[in-house]
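Structural overview
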Amino acid sequence: LSVSPKLRSGMYGEALLAGGSAEAVWMEGRSIVRRGQIEAVYVVEQGNAARLRLLSLGKTSSNQVEVLAGLQSTEAYVLDPPPDLKDGSRVEVIP
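No experiment lies behind these values; they were computed from the predicted model shown.

What follows concerns the side chain of glutamate 66. With respect to the helices and strands, glutamate 66 occurs in strand E6 (residues 64–69). The buried charged residue glutamate 66 lacks any salt bridge partner; its closest oppositely charged side chain belongs to lysine 59, at an N-O distance of 4.6 Å. Not counting the four nearest positions on each side in its chain, glutamate 66 is found in contact with Ala24, Val25, Trp26, Ser56, Leu57, Gly58 and Lys59.

Printed below as a string of structure tokens:
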């Protein structure tokens, strides 16, 4: 680096770096099923069957949770699963 009389030891600066953007998938936190350290969601599949699927979660905001992996934005999931819901159970889809 070249020497500049305007720069002195102990000074600092801030920089804003442009980066790519990514569209995130967010879901209701009450939909998450926790079993020990495992986090999952019941995804509604063909025939209205609820299938338990593992998730990788990111940030939380209020009652929303960012999904890093395990759920697509177009997939339907069980909003507030009862504790006795089992993998493969039939559920009613309410639009």
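What follows concerns the pattern of salt bridges. Evaluation of the coordinates by the stated rule reveals 5 salt bridges. Its salt-bridge partner being arginine 53, residue glutamate 45 comes within 4.0 Å of it at the nearest N-O pair. Judged by its relative accessible area of 24%, arginine 53 falls in the partly exposed class. Here the salt bridges do not stand alone but share partners, grouping Glu45, Arg51, Arg53, Glu75 and Asp87 into one network.

The next thing to look at is the pairing of E6. In regular strands, side chains alternate between the two faces of the sheet. Looking at chain direction, strand E1 (residues 25–28) and E6 are connected through 4 bridges and run antiparallel. Opposite valine 25, over in E6, you have valine 67 as the bridge partner. Where strand E5 (residues 56–61) and E6 come together, 4 bridges link them in antiparallel fashion. Paired with serine 61 across the two strands is glutamine 64, which belongs to E6. Linkage of E5 to E6, two consecutive antiparallel strands, is achieved through a turn of 2 residues, within which serine 62 is found at a positive phi near 60°.

Before going further, it helps to examine the sheet that holds strand E2 (residues 33–35). Taking strand neighbours across the sheet as the criterion, the 3 strands line up as E2-E3-E4 in an open arrangement whose pairing is antiparallel. Strands with a single pairing partner mark the edges of an open sheet, and in this sheet they are E2 and strand E4 (49–54). Here the average twist between neighbouring strands, direction ignored, is 35°.

The space that makes up the largest pocket amounts to roughly 220 Å³. Of the residues that constitute the lining of the largest pocket, the class distribution is 8 nonpolar, no polar and 2 charged.

Turning next to the sheet that holds E5. In space, the 3 strands of this open sheet follow the order E1-E6-E5, with antiparallel pairing throughout. The open sheet terminates on both sides in strands that have one partner only, identified here as E1 and E5. The mean inter-strand angle of the sheet, taken between neighbouring strand axes irrespective of direction, is 35°.

Once that is clear, we can look at the confidence of the model for the protein chain. In the predicted model, the protein chain carries a mean pLDDT of 90, and 97% of its residues have values of at least 70. Confidence, read as mean pLDDT per element, is least for E5 in the protein chain (93) and greatest for E4 (97).

Counting 10 residues, the largest nonpolar core is built from Val25, Met27, Ile32, Val41, Val43, Leu55, Leu57, Val65, Val67 and Leu71. Secondary structure elements with two or more residues in this core: E1, strand E3 (38–45) and E6. Excluding residues that lie within four positions of it along the chain, leucine 57 makes contacts with Ile32, Glu39, Val65, Glu66, Val67 and Leu68. Ranked by size, the runner-up nonpolar core spans 7 residues in total, among them Tyr42, Val78, Leu85 and Val91.

Procedures and definitions
Residues numbered from 1 in each chain as written. Predicted model: local features only at pLDDT ≥ 70, side-chain atom pairs only at ≥ 80, totals over all residues. Heavy atoms only, no water. Helix = DSSP H or I, 4+ residues; strand = E, 2+ residues; numbered from the N terminus. Buried < 20%, exposed > 50% of the residue type's maximum accessible area, 1.4 Å probe, protein only. Lys, Arg positive; Asp, Glu negative; His and termini not counted. Salt bridge = Lys/Arg side-chain N within 4 Å of Asp/Glu carboxyl O. Contact = heavy atoms within 4.5 Å. Pairing = 2+ DSSP bridges. Axes fitted to C-alpha atoms, helices over the stretch in contact; angles between N-to-C directions. 1 Å grid on protein atoms, 1.4 Å probe; cavity = no way out; pocket = protein on both sides within 12 Å on 5 of 7 lines; lining within 4 Å. Points joined across faces, edges and corners; volume = space filled by probe spheres on them. Nonpolar A, V, L, I, M, F, W, Y, C, P; charged D, E, K, R; others polar. pLDDT = per-residue confidence, 0-100. Core = buried A, V, L, I, M, F, W, Y, C linked by side-chain atoms within 4.5 Å.

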